[in-house]
Amino acid sequence: MIVKRCAREGRRMLGTKAEALLVASVLVALVLALLGVSELTGLSGYDIADVVQGIASCQDITQSGVYTINQSLTSTGTCININTSNVVIEGSGVTITGSINGDGFRNFGGYDNVTIKNVANITNFSIAINFQGGTNSTTIQNVTITGAPTDTAGAGMGVALQSSSSGSVIANSTIITTGKYGHGITNGSSGLTVSTNSINVSGSESSGIVFDNDCSSCVFQSNTIVLTNRSEGTTYGISVFGTGMSMLKNVVNVSNGTYVAVSVSSSSNTLQFINNTIETAGRSGVVTGTGSGLNFSFNRILSNTTVTTNTALGAIVDILSGGSVEWNNITKTNDASGRAMLLYLRPNSNLKVLSNNIISTDPLWTGIVIPGVNAGVVNVTKTNVTVQNASAIDLQEVNTNGHSLASNILTTTGADGHGINLTASSTTILSNTISTNGHNAYGIKITTGHNKAQSNTITTVLNDSDGVYINGGAPASTTAVNNSFLLNTIITQGNSSAGVNLVGSKNTRFESDIFNTSVWNSYGIEMGNGRNETFTNVQIIAPSSDDIRMTEESLYIRNSSFQKTNTTVLSGNLYTQWYAYTNV
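Residues numbered from 1 in each chain as written. Predicted model: local features only at pLDDT ≥ 70, side-chain atom pairs only at ≥ 80, totals over all residues. Heavy atoms only, no water.

Structural notes on the overall build of the protein chain
Part 1 of the argument: Across its full length, the protein chain holds one helix and 59 strands.
Part 2 of the argument: Here the protein chain, with 584 residues, has 51% of them falling under the buried criterion.
Part 3 of the argument: Long-range pairs, those at least 24 residues apart, make up 69% of the contacts in the protein chain between residues at least 6 apart in sequence.
Part 4 of the argument: For the protein chain, the accessible surface area stands at approximately 22300 Å², while carbon and sulfur atoms represent 51% of it. (Helix = DSSP H or I, 4+ residues; strand = E, 2+ residues; numbered from the N terminus. Buried < 20%, exposed > 50% of the residue type's maximum accessible area, 1.4 Å probe, protein only. Contact = heavy atoms within 4.5 Å. Areas by Shrake-Rupley, 256 points an atom, 1.4 Å probe, with all protein chains shown as cover.)

So, the side chain of Ser404
Part 1 of the argument: Tracing the sequence through the fold places Ser404 in strand β38 (residues 404-406).
Part 2 of the argument: When sequence neighbours within four positions are dropped, the list of residues in contact with Ser404 reads Val378, Asn379, Val380 and Thr428.

Some words on the side chain of Thr150
Part 1 of the argument: With respect to the element layout, Thr150 can be found in the loop between β11 (139-146) and β12 (157-161).
Part 2 of the argument: Not counting chain neighbours up to four residues away, the residues in contact with Thr150 comprise Ile100, Ala155, Gly156, Gly179 and Lys180.

Focus on the pairing of strand β3 (residues 65-69)
Part 1 of the argument: Of all five residues making up β3, four are buried, and the element is well covered by its neighbours.
Part 2 of the argument: Relative to β3, strand β1 (residues 52-55) runs parallel, the two being bridged by four bridges. Residue pairing in the sheet places Gly54 in a bridge with Thr68 of β3. (Pairing = 2+ DSSP bridges.)

Let's talk about the state of the cysteines
Part 1 of the argument: Scanning all chains against the criterion turns up two disulfides.
Part 2 of the argument: There is a disulfide in this structure between Cys58 and Cys79, and the S-S distance comes to 2.2 Å. A torsion of -85° about the S-S bond marks the disulfide between Cys58 and Cys79 as left-handed. Here Cys58, found in the loop between β1 and β2 (59-61), pairs with Cys79, found in the loop between β4 (73-74) and β5 (80-82); they are 21 residues apart in sequence, far enough to count as distant.
Part 3 of the argument: Residue class for Cys79 comes out buried when judged on its relative accessible area of 2%. (Disulfide = S-S within 2.5 Å.)

Some points on the packing of aromatic side chains
Part 1 of the argument: Throughout the structure, instances matching the rule amount to eight aromatic pairs.
Part 2 of the argument: Members of the aromatic cluster, connected to one another through ring pairs, are Phe485, Phe510, Phe515 and Phe535.
Part 3 of the argument: Geometry around Trp365 places Lys332 over its ring, the cationic atom sitting 5.1 Å from the centre. (Phe/Tyr/Trp six-rings, centres within 6.5 Å; stacked < 30°, edge-to-face > 60°. Lys NZ or Arg CZ within 6 Å of the ring centre and 35° of its normal.)

Section: the nonpolar core
Part 1 of the argument: In terms of nonpolar packing, the biggest core is built from 108 residues, with Phe105, Ile129, Ile209, Val262 and Phe535 touching the most fellow members.
Part 2 of the argument: Sequence-distant contacts of Ile129, that is, excluding residues within four places in its chain, are made with Phe105, Ile116, Ile122, Ile140, Ile145, Gly158, Val159 and Ala160. (Core = buried A, V, L, I, M, F, W, Y, C linked by side-chain atoms within 4.5 Å.)

No statement about biological role is implied by the geometric values presented.
What follows is the structure, encoded as structure tokens:
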């Protein structure tokens, strides 16, 4: 009996203890949940009873906590003035309307950890959200802003963040401005994340995102920015600068003459510009500033209407940084002004250009320009370039040697459309496929020395279009010297189009090359002011013209074959050694 009673008492005590443990567990979970909320909102250390407060009118906020706007608000000045840190404002889908004067939300004291979210519309204020004084950890989320339609300078803007702030987020919001100076987001801050926003700007001197201050470690991702203004000044879809920035998966659509669609300048460290779509009618599509570590990849850049601003210095993509430009599509349509280039490379350090697709359906737009201002080596590889009445690649005299053009497909149509226009020295041209279809359109045009071309296939179609044209000046050049050609196949199909035309050169070497010219007055080798030029193991097929035509200086032919034996030597010396006649 005693044993049974003890057992019953034990079970009763165990049941009571289990219930107590269950209640304790629930209380602990509730406390942890509340602590979690306070941590997420930045409100740890405050009594829960003091956290949630209602807002029924425009006012100053002087106490930390969570605030809920209970109804739509109207203001003749600034509506919500934040004068403390650790504040969350829940908009609850209301509208806040101003009268152009003042700001929708203002934080001028540099108060940190402020969140504004879920506001249906902040409309008709001078600046919808204006934070200054070095505020940190600002969050703006799920907010719609309609800027005031004013022409007053500094008014009609969406969001302004003072430069010394850091670690802020602008996300999932819509910003629409129509005022003359109505920038979508301006000033900027370091460590800022701008993601999944829609920004539509139509003021004549307004930009989508424009920062005058450092935005180091900023991330711009999955935003859509549309500018429809007729620009009266320097305006941008995006203009930011800093170190370690990332620009990923953004869509920027700019029409009616904006200065630059996207300007991203990074003075040092890395700049990630990946998988963006830029459509522009402005002076430039993308400009990257000086720096190194650039990754410009998988972007689609389209300039699709007439460029109405100053294009003389412009480019669709202007690269000033070192690093890599890979797997991009760059296209130009609907503009015959031809005063710019599709890809303009002037890096301050070494730059790799790989597997890009560059196309212009309009005349006079050069595909790739490498100007004479570089401080780094440029390597262009596996890139397709198609242009009209302009060179596919224009490599100009530069400050460094060792550039390379390899395994590219270069196609030009129209007059003066050279495959490669080379005024730089010590460049390697390797395994490219070059096709030109226009008058005076050379496969490779060279005016300098110490370049090497190997295993290229060159085809020219129309008249006066030599496969290789070398002219360093007459008499025999002191600049176009010591160029070498190995294992190239050169085919010309137009009248007066030589396989190789040496107008002013010296000590050029051709070895194991094939020259195939098929029509009238198109010589295998044509030489004007050449000196000590040597052809070894070459094959010349010129059924309708002389294999070789010389006017002066000296030419050496060694161990080579010809389809026929016609040679014209007007002056100079032709030296032959162990050459073979075929099809005599």
